[in-house]
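Structural overview
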Amino acid sequence: FIRFPLYVWFEGMENPGYRSGSFDGLHHPSDDDDDDEMVDIAGATLDFSSTDDVPPLSTGSSAGMNGNGPSKLVDPLEDLVPGVGTYEDFNTIDWVREKSKDRDRHREITNKSRQSTVALLHSLCDAFSGWLLMLLVGLMSGALAGGIDIAAHWLSDLKGGVCLTDFWFNHEHCCWMSNETFQERDRCPEWQSWAELITGKSEGAFAYIMNYMMYIFWALLFSLLAVTLVRAFAPYACGSGIPEIKTILSGFIIRGYLGKWTLIIKTITLVLAVSSGLSLGKEGPLVHVACCCANILCHLFTKYRKNEAKRREVLSAAAAVGVSVAFGAPIGGVLFSLEEVSYYFPLKTLWRSFFAALVAAFTLRSINPFGNSRLVLFYVEFHAPWHLVELAPFVLLGIFGGLWGALFIRANIAWCRRRKSTRLGHYPVIEVLVVTAMTALLAFPNSYTRMSGAELISELFNDCSLLDSSQLCGYKQPANTTDTGVGNSLADRPAGENLYTALWQLALALIFKMLITVITFGMKVPSGLFIPSMAVGAIAGRLLGVGMEQLAYYHHDWVIFKGWCSQGADCITPGLYAMVGAAACLGGVTRMTVSLVVIMFELTGGLEYIVPLMAATMTSKWVADAFGREGIYEAHIRLNGYPFLEPKEEFEHSSLAVDVMRPRRSDPALAVLTQDGMTVGEVETLVESTHYSGFPVVVSQESQRLVGFVFRRDLLISIDNARKRQEGIVSTSQVFFSEHAPSQPPDAPPPLRLRGIMDLSPFTVTDHTPMDITVDIFRKLGLRQCLVTHNGRLLGIITKKDILKHMAQIANRDPDSILFN
Amino acid sequence: KMKSVFVLEIFSLACFVLLSQVSAKNAEDVRCKCICPPYRDVKGQIYKNNVTLKDCNCLHVVDPMPVDGKDVEAYCLRCECKYEERSSGTIKFTIIMYLSILGLLLLYMVYLTLLEPILKRRLFGHSQLIQSDDDVGDQQPFANAHNVLSRSHSRPNVLNKVEHAQQRWRRQVQEQRKSVFDRHVVLS
């Protein structure tokens, strides 16, 4: 009766689900039937040769031991070799090892803390070090972001003119106390444009041409400085940084990417790149700057310096800080880090990220870069209501955003691929200069492209009131103005001359921005994507909004307008349309969902607009997903061939582990080390003749029973160290991984014990494990490699790179595009 | 050593942020800006004055009141007054620091690309040391190079260390440049 369930279980095992897919005919079908029954124990012990066995851990001796990881069963002498446990550049970390190292460290501190007061204090300090680190990260990032904002404002105003009284003020601050006229804001005697300074005239064709020339000159100078600084000091400072940070957070190592030179150069050149008039933003690079700050500050704390997994927790929080200072949206920043950037996001990190983001936002507010305690330039202040009928144009904006997102990603990836493979990539400096010249040449005549992206968005989000005199608010005054109007809200009015001019200028600006951003993003200067996408969406939204407004004014007796939009009421707010359009376009490009809505809602400060924003964002994501599942950052990860296992994708193919593992049929046999019986010379030859980053250790070549796994780097470092430090180690010394040294003739050189560097608990799957479970294991545990066994014997190995290549092959992509492992 | 420098920098930044709050506000750094739209015959105007927060309203700021007594209330109702503060010290400090760091970096770049090769050639032109930038460095098992290099005791130790660190950093930057700009392996 006890056996009955066993048989039932085995019956179930023979389902086609477990046997489908091809597998190498390594065993005959008759063997399978014998193995699957597994009741005949006598047959199964035929292979065992007990002389090779190291007896398993007895429960008595392990009662006193805490950890099951390799570090606890180690000879203390071997633990002190420096360099063991570190990783090479462009390799993936071993999450399991790092996490268990941290757990052991924590356990040791907790145990020691019961012994003395000093140790108790030490354990308290250790617990608080995380919070102190978050505080420092928030302070440093907030201060840097404030500095970047102030410097970028000043430098971009420098293209137009200079403040004569105090040269460090930008245009707005130069005219702080002087009189302005209502029609021409920001004109004052202290601020002079370059034409006025050089020629003495401020109007006329010659002054215009002079201003044009100086604008182009300054733009070229700034971008030349930016690209030469990047090239000379920190080539890793170019681009946005978010794709690489995503990959780093999933376990990849890029040495120097988050270093101090990269930080300095990225900060300086970001200001230069943004001020040069190029169509790029600074949000993505601010995330990189914040992560650099976090990485540098991690070096102050041993807990984070030595452990790669803990460091990535801090980097996740730093990504939240980056978005928080860029948009003044702490909650949106945390959600962005959770949704877009992080790979493993434990709940503890959630609370700490929020804390760091708040500290950074508070620091930024106290630096006050925009002069009125605002955190972002385009903060929206209106609270006008919207009507259900307006959901239709909002969904339309969502469709536009999705279409533009899909188109932009395809075009940008094609352009970047061309830059990667053809001669275009050999001239980065000239490319930057040409693009800047083109942008400056075409942007200056149109006042909407001449202003910076953030200013444009701010003007488009603005709801027109009586106090505005800009072109976009150039409505015709109706004949019968009421003099006793309350407040400044205005009824819908017909468009005047100025507004028509603004509309066609905006349409031209839209086309220009759509085309120029494709070639600007990805250049060898720090470039972000958020502001240009939002600008495109805001222009489209505003155009639609003004169109709707005019439609409502001229046809207020139509069915759709009748109920709610009577004549003289202020029913349509074009600023809201601009906001929804900006969210739709940004969502279409990056495929952000929750974080985008929360960022936009924090920008407006009100809950009224959540429904339109959600409608537009969802529509844009669905439309864009219909064309391609990846956002811009995943597309760039794929373009660069980073080993990033996408956590959101489902692996749908029904292959087995044995299909993906190496060695394949035609490959040479698996390179293994034996538990004993190999000499130092043999081990070195094996390691140097292959490129594998790790080797399984088996009991013997005949039995192929698994003992553990050892990394290449640790092996080389240990052997090198042993040759230098330990006496008597030569090329004929025996290497052993077992607990006790093997018996040797008395004149043999002393053996080398390498059990300390071996991982005694490598993860294994059987050859019949379906690939979707294997991929799930890789994702959830953060594995780098997994051994494949058959009937307890080692068969092969699956690495992350093999999985990525397999997935590429299934999707009909080039498997050789996965470059790193 | 770099660590302590960085800690110092962070502290100075934090201190500055706090100081800018505490320091006495320049009278020029606060203002009340009132924007008044056109009203009947009166054109739209902007008024500015440096008053405190409690005095920031239409009656205190709009100094030559353009309308008569009974219309003042209606006129002022349409005006919008905002109180704004800034810290000109922070702005000045930031801009000057930015420009100086930029200038230093440019000078260093000019020094590295133009002046250093000339200086090196003048100083070591006569010696037999193999001074090339592509030197692998400490992993070479050449005992010879060790002997040769250890003979240069004439230079003090600190300069040696700085030189060594700088060589290592330049090698790193070269590697980065190769992967990003030449082979387009990362960050394409």
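Cut-offs applied
- Residues numbered from 1 in each chain as written.
- Chains lettered and ligands numbered in written order.
- Predicted model: local features only at pLDDT ≥ 70, side-chain atom pairs only at ≥ 80, totals over all residues.
- Heavy atoms only, no water.
- Helix = DSSP H or I, 4+ residues; strand = E, 2+ residues; numbered from the N terminus.
- Buried < 20%, exposed > 50% of the residue type's maximum accessible area, 1.4 Å probe, protein only.
- Contact = heavy atoms within 4.5 Å.
- Areas by Shrake-Rupley, 256 points an atom, 1.4 Å probe, with all protein chains shown as cover.
- pLDDT = per-residue confidence, 0-100.
- Buried area = accessible area lost by both parts, 1.4 Å probe.
- Salt bridge = Lys/Arg side-chain N within 4 Å of Asp/Glu carboxyl O.
- Polar contact = N/O pair within 3.5 Å; in protein donor to acceptor, adjacent residues only side chain to side chain.
- Pairing = 2+ DSSP bridges.
- Axes fitted to C-alpha atoms, helices over the stretch in contact; angles between N-to-C directions.
- Patch = residues over 30% accessible without salt bridge, like charges linked within 9 Å, V, L, I, M, F, W, Y side chains within 5 Å.
- Parallel < 35°, antiparallel > 145°, perpendicular 65-115°, else oblique.
- Left-handed = near helix turned anticlockwise from the far one by under 90°.
- Nonpolar A, V, L, I, M, F, W, Y, C, P; charged D, E, K, R; others polar.
- Core = buried A, V, L, I, M, F, W, Y, C linked by side-chain atoms within 4.5 Å.
- Expected span 1.5 Å × (residues − 1).
- Domains from an automatic or database assignment.
- Phe/Tyr/Trp six-rings, centres within 6.5 Å; stacked < 30°, edge-to-face > 60°.
- UniProt positions renumbered as here; feature names shortened; annotations may be inferred.

**Overview of the overall build of chain A**
When you go through chain A residue by residue, the secondary structure sums to 32 helices and 11 strands. Put simply, chain A has 821 residues, and 54% of those count as buried. Of the contacts made within chain A by residues no fewer than 6 positions apart, 74% connect residues no fewer than 24 positions apart. Accessible surface, chain A as shown: approximately 35,700 Å² in total, 61% of it carbon and sulfur.

**Points about unusual backbone geometry**
Residue and element names in this part refer to chain A. Residue Pro-663 follows Arg-662 across a cis peptide bond; omega there is 5 degrees. By the secondary structure assignment, Pro-663 is in the loop between helix H28 (657-660) and strand S3 (673-674). One non-glycine residue, Arg-591, adopts positive backbone phi at about 60 degrees. By the secondary structure assignment, Arg-591 is in the loop between helix H24 (574-590) and helix H25 (594-604). The exposure class of Arg-591 is buried, given its relative accessible area of 6%.

**Things to note about the confidence of the model for chain B**
All names here are of chain B. Scored by pLDDT, chain B has a mean of 75; 69% of the residues are at 70 or more. Mean pLDDT values over the elements of chain B span from 42, in helix H5 (residues 143-150), up to 90, in helix H4 (residues 88-124). Confidence drops under a pLDDT of 50 for residues 128-152, and excluding neighbours within four residues, the segment shows 11 contacts in the predicted structure.

**Points about the interface of chain A and chain B**
In this assembly, 70 residues from chain A lie in contact with 57 residues from chain B. Across the interface of chain A and chain B, roughly 6,200 Å² is buried in total on both sides, 71% from carbon and sulfur atoms. The three residues of chain A that bury the most area against chain B are Trp-168, Trp-176 and Phe-233 of chain A, which together make up 12% of that side's buried surface. At the boundary of chain A and chain B, one finds 1 salt bridge. The salt bridge involving Glu-180 of chain A is made with Lys-48 of chain B; its shortest N-O contact spans 2.7 Å. For the pair chain A and chain B, the interface holds 12 residue pairs in polar contact (both at pLDDT 80 or more).

**Digging into the sheet that holds strand S11 (residues 793-799) of chain A**
Residues and elements named next belong to chain A. The strand order across the open sheet formed by 3 strands is S9-S10-S11, and the pairing between neighbours is mixed. Each having just a single partner strand, strand S9 (764-766) and S11 make up the two edges of the open sheet. On average, each strand axis in the sheet is inclined to that of its neighbour by 35 degrees, with strand direction left out of account. The sheet strands contacting helix H31 (residues 771-781) are S9, strand S10 (785-790) and S11, and the helix crosses S11 at an angle near 65 degrees.

**Points about a nonpolar patch on the surface**
Among the surface-exposed residues, Val-395, Leu-396, Ile-399, Leu-403 and Phe-627 of chain A lie close enough to one another that they form a single nonpolar patch of about 400 Å² accessible area. Mapped onto the elements of the fold, Ile-399 of chain A is located in helix H17 (residues 391-421).

**Re the environment of Ser-533 of chain A**
Residues and elements named next belong to chain A. Among the secondary structure elements, Ser-533 is positioned in helix H22 (residues 530-554). A C-alpha to C-alpha distance of 9.7 Å links Ser-533 and Gly-581, two positions 48 residues apart in sequence. Not counting the four nearest positions on each side in its chain, Ser-533 is found in contact with Trp-404, Cys-585, Leu-586 and Val-589.

**Structural notes on the packing of helix H14 (residues 308-327) of chain A against helix H16 (residues 347-367) of chain A**
All names here are of chain A. Between H14 and H16, the least distance of the axes is 8 Å, while the angle of their chain directions is 40 degrees. On the basis of the axis angle, H14 is oblique to H16. Considering only the axes of H14 and H16, their crossing is right-handed. Seen from H14, the contacting residues are Lys-310, Glu-313, Ser-316, Ala-317, Ala-320, Val-321, Ser-324 and Val-325; seen from H16, they are Lys-348, Thr-349, Ser-353, Ala-356, Ala-357, Ala-360, Ala-361 and Leu-364. Of the residues assigned to the contact of H14 with H16, the class counts are 9 nonpolar, 4 polar and 3 charged.

**Concerning the nonpolar core**
Counting residues in each nonpolar core, the largest one holds 211 residues, and the members touching the most others are Leu-272, Phe-327, Phe-378, Phe-461 and Met-600 of chain A. Among the elements that line this core, the one with the most residues is helix H6 (residues 117-157) of chain A, at 14 residues. Look past the residues within four positions of Leu-272 of chain A in its chain and what remains in contact with it is Leu-155, Phe-222, Leu-225, Ala-226 and Leu-229 of chain A together with Tyr-98 and Leu-102 of chain B. Listed in part, the 22 residues of the second largest apolar core include Met-678, Val-683, Ala-722 and Ile-729 of chain A.

**Section: H14 of chain A**
Residues and elements named next belong to chain A. For H14, built from 20 residues, the straight-helix expectation of 28 Å at 1.5 Å per residue is met to within 8% by its first-to-last C-alpha distance of 29 Å. The element H14 is largely enclosed, with a buried count of 19 among its 20 residues. Structurally, the start of H14 carries an N-cap: the backbone nitrogen of Ala-309 is 3.0 Å from a side-chain oxygen of Asn-307.

**Here we look at the domain arrangement of chain A**
Along its sequence, chain A is organised into domain 1 (140-164 + 186-367), domain 2 (390-475 + 490-640) and domain 3 (657-740 + 747-811). On a C-alpha basis, the centres of domain 2 of chain A and domain 3 of chain A stand 53 Å from each other.

**A short note on the packing of aromatic side chains**
Residue and element names in this part refer to chain A. Summed over all chains, the structure comprises 36 aromatic pairs over all chains. For the pair Tyr-212 and Phe-444, a centre-to-centre distance of 4.7 Å together with 20 degrees between the ring planes defines the contact as stacked. Of this pair, Tyr-212 sits in helix H9 (residues 205-233) while Phe-444 sits in the loop between helix H18 (428-443) and helix H19 (447-450); the two residues are 232 residues apart in sequence, bridging distant segments of the chain. Judged by relative accessible area, Phe-444 falls into the buried class, the value being 5%. Both rings, one in Trp-218 and one in Phe-222, keep their centres 5.7 Å apart while their planes meet at 35 degrees; by these two values the pair is tilted.

**Details of the UniProt feature "transmembrane region" (unreviewed entry) in chain B**
The residues that UniProt annotates with the feature "transmembrane region" (unreviewed entry) are residues 95-114 of chain B. The distance from the first to the last C-alpha atom of residues 95-114 of chain B is 28 Å, and the span holds 100% helix and 0% strand.

**Quick notes on the UniProt feature "domain: CBS" (unreviewed entry) in chain A**
Residues and elements named next belong to chain A. The positions UniProt marks with the feature "domain: CBS" (unreviewed entry) are residues 661-725 and 758-815. For residues 661-725, the helix share is 37%, the strand share is 23%, and the end-to-end C-alpha distance is 39 Å. Its end C-alpha atoms 31 Å apart, residues 758-815 is made of 38% helix and 28% strand.

**What to know about the environment of Gly-239 of chain A**
Residue and element names in this part refer to chain A. With respect to the helices and strands, Gly-239 occurs in the loop between H9 and helix H10 (242-249). Given a relative accessible area of 8%, Gly-239 falls into the buried group. In sequence terms Gly-239 and Leu-529 are 290 residues apart; their C-alpha atoms lie 10.0 Å from each other. Dropping the residues within four chain positions of it, Gly-239 is found in contact with Lys-266, Pro-285, Met-523, Val-525, Pro-526 and Ser-527.

**Thoughts on the pairing of S10 of chain A**
All names here are of chain A. With respect to burial, S10 is a largely interior element, 6 of its 6 residues being buried. Two strands pair when backbone bridges link them, and S9 and S10 are joined in this way by 3 bridges, in the parallel orientation. When the bridges of S10 are listed, Thr-764 appears paired with Leu-787. Bridge count between S10 and S11: 6 bridges; the pairing is antiparallel. Counterpart to His-790 in the pairing with S11 is Arg-793. Hairpin connection between S10 and S11: a loop of 2 residues separates the two successive antiparallel strands, and Asn-791 in this loop has a positive phi of roughly 55 degrees.

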